[in-house]
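# Structural description and commentary
Each chain is listed here by its residues.
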Amino acid sequence: NMGLSAGLGWAPLEHLRLLARLSFSTSRNNAPYEDLLNPLNLLRLVLGAGIAHNGPTFSVFTITGFDLSYPFSFRWTREADCKWHDPVSYECADQIHTHDPGLLFGLHVGAGASWAFAPPLLLHLEGGLSYFFLPTEGNELNLPIDLELGLGYRF
């Protein structure tokens, strides 16, 4: 998946970091299988707090918090005859699945670092993992791993 993210990290105390991040991502099809019949788009909000070491040019941190995600409805199939033929035949009606779990809520853990290469500009790297426990049924998208690389501005 590729996407765009905007976030705010704040250190109200010396070794405490608060994080709020809003992101939108869209999937690319899983070549050569091409199981997705339309892109998987995801809107995500992560809120958390963690331990940090904030230096003048280099900072490292961990985050624990909540992940609120909304995957937009998408269709998928593993049946070859239903993927590559347009229009799709009526025999594929039972082979094309729609995934629409609605709003997902779970826990998020992550770690990252930032480097102020040209203060106040910084290079930011962060990775994380979430586990969704709500809703309890109807969601097959769990344990998303995220990796972000981007530019930031230190206020």
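Relevant structure appears above.
What comes next is a walk through the structure. (Residues numbered from 1 in each chain as written. Predicted model: local features only at pLDDT ≥ 70, side-chain atom pairs only at ≥ 80, totals over all residues. Heavy atoms only, no water.)

## Points about the side chain of His-108
Residue position: His-108 is located in strand β7 (residues 104-118). Those residues in contact with His-108 that lie beyond four places of it in its chain are Arg-21, Arg-44, Val-46, Ile-63, Thr-64, Gly-65, Phe-66, Asp-67, Gly-128, Leu-129, Ser-130 and Asp-146. (Helix = DSSP H or I, 4+ residues; strand = E, 2+ residues; numbered from the N terminus. Contact = heavy atoms within 4.5 Å.)

## Quick look at the packing of aromatic side chains
Taken as a whole, this structure holds five aromatic pairs when the rule is applied. Ring centres 5.2 Å apart and planes at 70° place the aromatic pair Tyr-153 and Phe-155 in the edge-to-face group. Looking at Tyr-153, the relative accessible area reads 49%, which means it is partly exposed. Residue classification places Phe-155 among the exposed residues on the basis of a relative accessible area of 86%. Feature note: the residues Phe-66, Phe-105 and Phe-133 constitute an aromatic cluster, connected by ring pairs. For the cation-ring pair, Arg-17 lies above Phe-61, with the distance from its terminal atom to the ring centre recorded as 3.9 Å. (Phe/Tyr/Trp six-rings, centres within 6.5 Å; stacked < 30°, edge-to-face > 60°. Buried < 20%, exposed > 50% of the residue type's maximum accessible area, 1.4 Å probe, protein only. Lys NZ or Arg CZ within 6 Å of the ring centre and 35° of its normal.)

## Examining the sheet that holds β7
Here seven strands make up an open sheet; going across it, the order is β1-β2-β3-β4-β7-β8-β9 and the pairing antiparallel. One side of each edge strand has no neighbouring strand; the edge strands of this open sheet are β1 (2-13) and β9 (145-153). Between one strand axis and the next, the sheet turns by 20° as a mean value, whatever way the strands run. (Pairing = 2+ DSSP bridges. Axes fitted to C-alpha atoms, helices over the stretch in contact; angles between N-to-C directions.)

## Regarding unusual backbone geometry
The omega torsion of the bond from Pro-119 to Pro-120 falls at 10°, within 30 degrees of zero and hence cis. Among the structural elements, Pro-120 can be located in the loop between β7 and β8 (121-134). In this chain, Leu-134 is followed by Pro-135 through a cis amide linkage whose omega measures 0°. Inspection of the secondary structure puts Pro-135 in the loop between β8 and β9.

## Thoughts on the pattern of salt bridges
Tallying each qualifying case throughout the model produces six salt bridges. Glu-148 is the salt-bridge partner of Arg-21, the closest N and O atoms lying 2.8 Å from each other. Linking Arg-21 in strand β2 (residues 16-26) with Glu-148 in strand β9, this pair joins segments that are 127 residues apart in sequence. One exposure class covers both Arg-21 and Glu-148, and it is buried. Taking the shortest distance from any N to any O, the salt bridge between Arg-44 and Asp-67 comes out at 2.7 Å. Here the residue Arg-44 occupies a position in strand β3 (residues 41-54), and Asp-67 occupies one in strand β4 (residues 58-71), the gap between them amounting to 23 residues. Just as Arg-44 is buried, Asp-67 falls in that class too. One continuous salt-bridge network, built from bridges that share partners, spans Arg-21, Arg-44, Asp-67, Glu-126, Asp-146 and Glu-148. (Salt bridge = Lys/Arg side-chain N within 4 Å of Asp/Glu carboxyl O.)

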